[in-house]
Amino acid sequence: MSLTEHFRAHRSCTTCPYCGVGCGVSATVKRRGGGETVAVSGDEQHPANFGRLCVKGSALAETLGERGRLLQPRLHGREHDWDSAMDFMARQFARTIAEHGPDSVAFYLSGQLLTEDYYVANKLMKGFIGSGNVDTNSRLCMSSAVAAYKRALGADAVPCCYEDLEVADLVVLVGSNAAWTHPILFQRMQAASTRLVVIDPRASATSEMADLHLAITPGSDAALFNGLLNFLVERDRLDRQFIDLHTEGFDEAIDIARDWSLAKTAAACGIAEQQLLEFFRLFAQTEKTVSFYSQGINQSSSGTDKNNAIINCHLATGRIGRPGAGPFSITGQPNAMGGREVGGLANMLAAHMNFNAGDIDRVGRFWRADSVAQKPGLKAVDLFEAVERGKIKAIWIMATNPAVSMPDAARVASALQKCPLVVVSDCVADTDTARCADLLLPATTWGEKNGTVTNSERRISRQRAFLTPPERRATTGRLSATWPRASAMVINLTTPTRWRFSVSTRPCRDSRTTAAAPSISPHWRKSACASTTVCSPYSGR
C-alpha cells in the first residue's frame, strides 16, 4: 500500500492593501492535504511597482490569520443571523428617517474600502435616503489636496503619474518621508538618479538621502512657496505663453507673493538665506520638476492654501501636464483616490460632480433616483460633533476606527456611546469603535474581496479574492463585502422596484480589459485578461 499526498497551487494577481502606491501583488495559495499556506511576492508586470514590495507588502501573508476576526453579526453583544441583523438595521434606519428626516442618519466610510463599496454606500445615502451625510476617513488626510486641485484645476484630477518621478530631473518632497511611507516610489526616484530636495522640519530617512534638506519652521510651507513664486517673477523664470493661454488670476497671485522677499521668506521659514536661494535657483533652472507632497502639507489648518501655493509655482512655470513635471499629491490609503472619484466625500455628489442643479439632475437620471440629496452633507469632524449634539441619531461606520483615528478621539467615542444607533462593519471583533456599536457586521478582508482600487496616480487595479472562506462561514452565514450589505439594506427598507440593480461595462483604452461601471450593485464580471491593471485614466502625457 502506498500513500499519495495531493498538492495544488493557485496564483492570483491582486493589489497591496496598505498605502496609496497600489503595488501589484502575486499571491500563491498552496494546498497540501487539508492545509493551506499563502506566499506573497511582488507582481513583476504591475506598472506601479514592477515586482518590488516594501517590508509591509512582503509580510502580507503574516496578516491572514483568523485570530480576533468577527465572523457573525452581533446585536447588543449577542450573535445573530444575517437576516435578523439586516432586518433590525433597516427598521431602525427607516424609523429614524421617518421621525427625524434623512439628515438624521449618516455613513462614515474608509479608504480601505473597494471602489464598489464606496459607490454603493454613496448612492444609498445620497441617491436613495436623500442626504449628503456620507464622509470618509480620507477626509483627515486628503481633503486639502482635493480642495486645492479643484480650486486650481477645476477638478480633483492629479496631473502626474509615477513615470514622471523617473523622468524628472528634480523632485521636491514636501512634508513627506517617502523613504518610509511610500518606499517603492522613493526607490524609483533613487534608481533614476533624480535630484532630491526635502522640505521637512524633521530630519528623516528621506532627508538623509536628499541632495538638499530645508528644515523649515513647522507651518511655513505657504510662505516658502509664495517666496518661490516671487523669486520666479523677479528672475523672469515664468512661462508667459502658458499663463496667458491656460490660467486666470495670475496677477492677484503675484500681488500676494510680492511681499515675500528672500529675506522675509528665510526669516519666516527659519533657514539661512543662502540655503533658500540655493533651492530657489535649482527650482527656477530645472524644467522637469515634480513637487511630491503628502501629510505634512495636507494635515494642516491651512492645508488647502499650502497645496495651492505649490500648484501656483507649477502653473507659473508651465510645469504641469508635461513628462517629468507637475504637482503630485500622494495619497496615504490604498483606495482614498477611488472614494474621491465616486463621491465618497460629503461635499461631492458623485463622479467629480457637485451639488448644483445640473449635476443633481444628471446623477438622478443616471441613478433613476428621485430622492437625490440637494446639498452637501456633514464632513468628518462636523459629523461626529453632530452625533455628540444628538442631531445624527443613526450612523453606519465601515472599515475604520474613528474612536482612535479622529481628532479628539475620546470625545468621538463618548459621542458614539450616546448615539441611539451605531452600526459598525469590520473584520475585527474588538476595536474601540466596535465597543460603541449596537450592531456589529462582519466584513471580508484583503484576500477575500473582489473589486477595484485606485492608486495615487489614478491607476485602477483589480483586487482579487484568493482565500478560501473559513469553515465557520458555511454554517453561520457568509461574510460579505460592504456593497452587498448596503444593497440588502435597500431591499429591506422598501420594495425592490424602487432600487434597480444592474451593471454595465465599457471598454477601456486597453482593449484587453473591461472596467465595470456599476449602476448600483456591482455584480462582478471577470475579465478575460490576467493583468491586474484595468486602465490608467490619465497617462501623464
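Scroll up to find the structure this text is about.
## Considerations on the sheet that holds strand β9 (residues 195-199)
Thinking step 1. Here we have 5 strands laid out as an open sheet, ordered β10-β9-β8-β11-β12, and parallel in their pairing. Of all the strands in the sheet, just β10 (212-214) and β12 (326-329) have a single pairing partner and so form its edges. Between one strand axis and the next, the sheet turns by 20° as a mean value, whatever way the strands run.
Thinking step 2. Together, β8 (170-174), β9, β10 and β11 (289-293) form the strand contacts of helix α13 (residues 273-285), whose direction differs from that of β10 by roughly 120°.

## Let's talk about the environment of Asn 122
Thinking step 1. Summarising the element assignment, Asn 122 is placed in helix α3 (residues 115-129).
Thinking step 2. The class of Asn 122 is buried, set by a relative accessible area of 0%.
Thinking step 3. Measuring from C-alpha to C-alpha, the distance between Asn 122 and Gly 343 comes to 6.6 Å, with 221 residues separating the pair along the chain.
Thinking step 4. In this structure, Asn 122 is in contact with Gly 127, Val 134, Val 342, Gly 343, Gly 344, Leu 349, Ala 350 and Trp 367, ignoring residues within four places of it in sequence.

## A short note on the sheet that holds strand β14 (residues 421-426)
Thinking step 1. Sheet architecture is open: 7 strands sit in the order β5-β4-β15-β14-β13-β6-β7, paired in mixed fashion. Strands at the two margins of the open sheet, each flanked by one partner only, are β5 (78-79) and β7 (134-136).
Thinking step 2. Across 2 bridges, strand β4 (residues 74-75) lies against strand β15 (residues 439-442) in antiparallel orientation. Bridge pairing in β15 places Arg 74 opposite Leu 440.

## Some remarks on empty space enclosed by the protein
Thinking step 1. What the rule picks out here adds up to 4 cavities of 30 Å³ or more.
Thinking step 2. There is about 70 Å³ of room inside the largest cavity.
Thinking step 3. Together, Cys 16, Cys 19, Val 21, Gly 22, Cys 23, Leu 53, Cys 54, Gly 57, His 182, Pro 183 and Ile 184 line the largest cavity.
Thinking step 4. When grouped by side-chain class, the residues that make up the lining of the largest cavity number 8 nonpolar, 3 polar and no charged.

## Brief notes about the packing of aromatic side chains
Thinking step 1. Scanning all chains against the criterion turns up 11 aromatic pairs.
Thinking step 2. Aromatic side chains Trp 446 and Phe 466 sit 5.2 Å apart centroid to centroid with 75° between the ring planes, which places their arrangement in the edge-to-face category. Of this pair, Trp 446 sits in the loop between β15 and β16 (451-454) while Phe 466 sits in the loop between β17 (460-463) and α21 (471-476), and the two are 20 residues apart along the sequence. Just as Trp 446 is buried, Phe 466 falls in that class too.
Thinking step 3. Of the aromatic side chains, those joined through ring pairs into one cluster are Phe 225, Phe 231, Phe 279, Phe 280 and Phe 283.

Parameters at a glance
Within each chain, residues carry numbers counting from 1 in the order of the written sequence. For a predicted model such as this one, the threshold for reporting local features is a pLDDT of at least 70, and the threshold for listing and counting side-chain atom pairs is 80 or more; totals across whole chains, interfaces and linings nevertheless cover every residue. As a rule here, side-chain values come from all non-hydrogen atoms in the structure, and water together with hydrogens is ignored. For two strands to be treated as a pair, DSSP must find at least two bridges joining them. Labels follow the DSSP assignment, with helices taken as runs of H or I lasting at least four residues and strands as runs of E lasting at least two, numbered in each case from the N terminus. Here the axes come from fitting lines to C-alpha atoms, over the contacting stretch only for helices, and the angles between their N-to-C directions go from 0 to 180 degrees. The criterion used for residue contact is that any of the two residues' heavy atoms lie within 4.5 Å. Note on classification: 1.4 Å probe, protein chains only; a residue is buried when its accessible area is under 20% of the maximum for its type, exposed when over 50%, partly exposed between these limits. Here the term cavity refers to a set of points on a 1 Å grid, laid over the protein atoms alone, in which a 1.4 Å probe fits but cannot get out; the term pocket refers to an open set having protein on both sides within 12 Å along at least five of seven lines, with lining residues being those that place an atom within 4 Å of a point. Grid points are joined across faces, edges and corners, and a volume is the space filled by probe spheres set on the points. Charged residues are taken to be Asp, Glu, Lys and Arg, nonpolar residues to be Ala, Val, Leu, Ile, Met, Phe, Trp, Tyr, Cys and Pro, and polar residues to be all remaining types, Gly included. Note on aromatic contacts: the rings of Phe and Tyr and the six-membered ring of Trp form a pair at centre separations within 6.5 Å, being stacked when their planes are under 30 degrees apart, edge-to-face when over 60 apart, and tilted otherwise.

Worth remembering: the numbers are spatial, not functional.
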